[in-house]
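Read off the chains here:
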Amino acid sequence: MKTVITYGTFDLFHEGHYNILKRAKELGDYLIVGVTTEGYDMSRGKLNVVEPVMDRIEHVKQSGFADQIIIEDHVGQKIEDIQKYHVDTFVIGSDWLGKFDYLKEYCEVVYLERTKGVSSTLKRSEEYKLIRIGVVGSGRIAGRFVAEARYVSGIHVAGVFNPHMESARAFAKEYELDICEDDYDRFLREVDAVYVASPHGTHYAYALQALEQGKHALVEKPMVLKKAEAERLFSLAYAKKRVLMEAIKTAYAPGFIRMITMAKSGLIGEIRDVEACFTKLTGDNTREFLDTEYGGSFTELASYTLLSIFKIFGCDEQGVEFSSMFTEKGPDGYTKAYFTFKNGIATSKTGLKVKSEGALVISGTGGYIRVEAPWWKTKEFEICYEDTSKNEKVYSQFQGDGLRYEISDFVNAINHYGNTGYKLTQEESVKLAEMMERFLEYRKSKGS
Ligand code: CTP
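None of these values were measured; they are calculated from a predicted model.

K.L.:
Hey, could you run me through the site of the ligand in this one?
P.N.:
As a structural note, the neighbourhood of the ligand is formed by 18 residues, with Phe-10, Asp-95, Val-118, Ser-120 and Thr-121 the closest of them. Lys-46 is positioned with one of its side-chain polar atoms (N or O) 3.2 Å from an oxygen atom of the ligand. At 2.4 Å from an oxygen atom of the ligand is found a side-chain nitrogen or oxygen belonging to Thr-121. In isolation the ligand has 570 Å² of accessible area, and contact with the protein removes 92% of it. Elements that contribute at least two residues to the shell around the ligand include exactly helix 1 (15-26), strand 4 (89-93) and helix 5 (120-127). Looking at the shell around the ligand residue by residue, the classes come out as 4 nonpolar, 10 polar and 4 charged.

Shown next as structure tokens:
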């Protein structure tokens, strides 16, 4: 009996998939088909797979060619499978020509001609209209966004808005964007969605106007600085059937999600403490301090630390207290926020004028998880126990600047409107806004 194996994502099952499975089956007696998991696709940079793995498996099954379907979830698995299933022939499309020659040590490798004119990528672009997104603001993060959006299919950065035309023009030139505008109304008419990356205090008005005009909005953290503003934006988005998402890259990063879910699954017992620290030394003439009203370490960095805390303990804190060192012009250079929850406590430490170790430590009754800085771009973390011989390190992918993950989720949310995001929930975003509000009240009470 001759065993043949082939692999693929098989998203939006199409004629090309059908043909390759048919021909692969004809090459032997028994065909094994490996279908990739979402996590594996994500880790190899394939971010826009539309269908869940179970649906993709179902479609492969319905083709009638597969004698066995397996899941592919890690690099190097092909060699394992070939040996495990005593595979005689490995088959893949000609778009991979030469890439799998290393398997010749284990079995025959056959590249089959691809079916012309069809692919999942093409089908996705036909099925879903290309989203034209406009960037509001032209600072550092806006530039990173444009660069990262190029890794995500289904979205095109069409232009930039800045009330100062000179800045808009320079940005559009640098990033080769078609549109630059200083008139927000006109700008909105040209796009389907906006990415708001303007100064913190302006997010609300820009997002509100965009949603009112039926545009989707991805808003840089902190999305807004008042609880009521967050609630208003979410209810407007709901009424208009538009997507509103807060852009905290960490929330959408595979490593961070994995770390949180592992922590929540009882590995370290019941969680009693979260200590999250993020510091980044900056000069006085940076955006963080020039914005004397809403700048400072808490508004700038606490979205990350608070995200970890609320992900672990939920959004029903019993109390929060702040303690800050303020700069002369007003904004805080260093802030500690202490939280109490029903069954635990937490600390957020943020600094722009104080450098600290910057780790995230989640402590439980049976052990702790430690993630070193930059934990907000989670690539690896360690699960530690009393018996250190049981300690375990976990690694994950974090590609580029990481914004591609949130952008990819934003695209998926738009294309499948109705899927409410679990990676950063509305409740969490509203809670973050409330914390910003409470911090700013505290700051005011200190006369700063
Ligand atoms: N394939 C093919 N002809 C096509 C498209 C895909 O023969 N027109 C083959 C691929 O070469 C691979 C298998 O089908 O061996 C599964 O490919 P997959 O990556 O799932 O499909 P694509 O349509 O190429 O997906 P994408 O556009 O997302 O890369």
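K.L.:
Quick question: what am I supposed to make of the packing of helix 12 (residues 254-264) against helix 14 (residues 297-313) here?
P.N.:
If you want to describe how two helices pack, look at the angle between their axes and the distance between the axes. Running from N to C, helix 12 and helix 14 cross one another at 35°; their axes reach a closest spacing of 10 Å. Helix 12 and helix 14 meet at a crossing whose hand is right-handed. Contacts between helix 12 and helix 14 pair Phe-256, Ile-260, Ala-263 and Lys-264 from the former with Leu-307, Ser-308, Lys-311 and Ile-312 from the latter. The residue makeup of the contact of helix 12 with helix 14, split by class, is 5 nonpolar, 1 polar and 2 charged.

K.L.:
Got a minute to help me understand unusual backbone geometry in this structure?
P.N.:
A negative phi angle is the norm for most residues apart from glycine, just as the trans form is the norm for most peptide bonds. In this chain, Lys-221 is followed by Pro-222 through a cis amide linkage whose omega measures -15°. Relative to the helices and strands, Pro-222 is located in the loop between strand 10 (216-220) and helix 10 (227-240). Cis geometry marks the peptide bond from Ala-373 to Pro-374; its omega dihedral reads -5°. Inspection of the secondary structure puts Pro-374 in the loop between strand 17 (368-371) and strand 18 (380-384). The phi dihedral of Lys-241 falls on the positive side, at around 55°, and the residue is not glycine. Note that Lys-241 resides in the loop between helix 10 and strand 11 (244-247).

K.L.:
Could you clarify how one ought to interpret the pattern of salt bridges in this entry?
P.N.:
Where side chains of opposite charge bring their charged atoms close, a pairing between them can arise. A full pass over the atoms with the stated rule returns 30 salt bridges. With a closest N to O distance of 3.5 Å, Glu-288 and Lys-280 form a salt bridge. Residue classification places Lys-280 among the partly exposed residues on the basis of a relative accessible area of 28%. A salt bridge links Arg-287 to Glu-300; the shortest N-O distance between them is 3.0 Å. A residue pair is termed long-range when its members are at least 10 positions apart, and Arg-287 in helix 13 (residues 287-290) and Glu-300 in helix 14 qualify at 13 residues. Accessibility expressed as a relative area gives 39% for Arg-287, which makes it partly exposed. If you follow the salt bridges from partner to partner, you end up with Arg-140, Lys-280, Arg-287, Glu-288 and Glu-300 in one network.

K.L.:
Please clarify how the nonpolar core should be interpreted in this entry.
P.N.:
Soluble globular proteins tend to bury their nonpolar side chains together. Within the largest apolar cluster, 85 residues are counted, with the highest numbers of intra-cluster contacts made by Phe-145, Phe-339 and Ile-362. Among the elements that make up this core, the one with the highest residue count is helix 14 (10 residues). Setting aside anything within four residues of it in sequence, one finds Ile-362 in contact with Met-259, Ala-263, Ile-268, Ile-271, Asp-273, Val-274, Ile-312, Gly-367, Tyr-368 and Ile-369. In terms of nonpolar packing, the next biggest core, distinct from the first, is built from 28 residues, Phe-187, Val-191, Leu-211 and Val-219 among them.

K.L.:
What should I look at first to understand the side chain of Ser-308 in this one?
P.N.:
Looking at the element boundaries, Ser-308 is found in helix 14. Non-local contacts of Ser-308, meaning those with residues more than four positions away in its chain, are made with Phe-256, Ile-260, Leu-360 and Trp-375.

K.L.:
Would you mind going over helix 1 with me for this structure?
P.N.:
Since the α-helix turns once every 3.6 residues, residues separated by three or four places project in the same direction. For helix 1, built from 12 residues, the straight-helix expectation of 16 Å at 1.5 Å per residue is met to within 8% by its first-to-last C-alpha distance of 16 Å. Those residues of helix 1 lying buried are Gly-16, His-17, Ile-20, Leu-21 and Ala-24. With its buried residues spanning 125° around the axis, helix 1 presents them on a single face. Exposed side of helix 1, more than 90 degrees from the buried face: Glu-15 and Glu-26 are the residues found there.

K.L.:
Whenever I open this one, the layout of surface pockets confuses me. Can you help?
P.N.:
Unoccupied space between atoms shows up once a probe the size of one water molecule is rolled over them. When its volume is computed, the largest pocket comes out at roughly 1300 Å³. Taken together, 42 residues line the largest pocket, and the ones lying closest to its centre are Asp-409, Asn-412, Gly-421, Tyr-422 and Lys-423. Going through the elements one at a time, helix 2 (38-43), helix 10, strand 11, helix 12, helix 15 (403-415) and helix 16 (426-445) are the ones with two or more residues in the lining of the largest pocket. It is helix 2 that provides the largest number of residues to the lining of the largest pocket, a total of 5 residues. Of the residues belonging to the lining of the largest pocket, the class tally is 19 nonpolar, 14 polar and 9 charged.

The rules behind these values
- Residues numbered from 1 in each chain as written.
- Predicted model: local features only at pLDDT ≥ 70, side-chain atom pairs only at ≥ 80, totals over all residues.
- Heavy atoms only, no water.
- Near = heavy atom within 4 Å.
- Polar contact = N/O pair within 3.5 Å; in protein donor to acceptor, adjacent residues only side chain to side chain.
- Areas by Shrake-Rupley, 256 points an atom, 1.4 Å probe, with all protein chains shown as cover.
- Helix = DSSP H or I, 4+ residues; strand = E, 2+ residues; numbered from the N terminus.
- Nonpolar A, V, L, I, M, F, W, Y, C, P; charged D, E, K, R; others polar.
- Axes fitted to C-alpha atoms, helices over the stretch in contact; angles between N-to-C directions.
- Left-handed = near helix turned anticlockwise from the far one by under 90°.
- Contact = heavy atoms within 4.5 Å.
- Salt bridge = Lys/Arg side-chain N within 4 Å of Asp/Glu carboxyl O.
- Buried < 20%, exposed > 50% of the residue type's maximum accessible area, 1.4 Å probe, protein only.
- Core = buried A, V, L, I, M, F, W, Y, C linked by side-chain atoms within 4.5 Å.
- Expected span 1.5 Å × (residues − 1).
- Arc of directions from axis to C-beta.
- 1 Å grid on protein atoms, 1.4 Å probe; cavity = no way out; pocket = protein on both sides within 12 Å on 5 of 7 lines; lining within 4 Å.
- Points joined across faces, edges and corners; volume = space filled by probe spheres on them.

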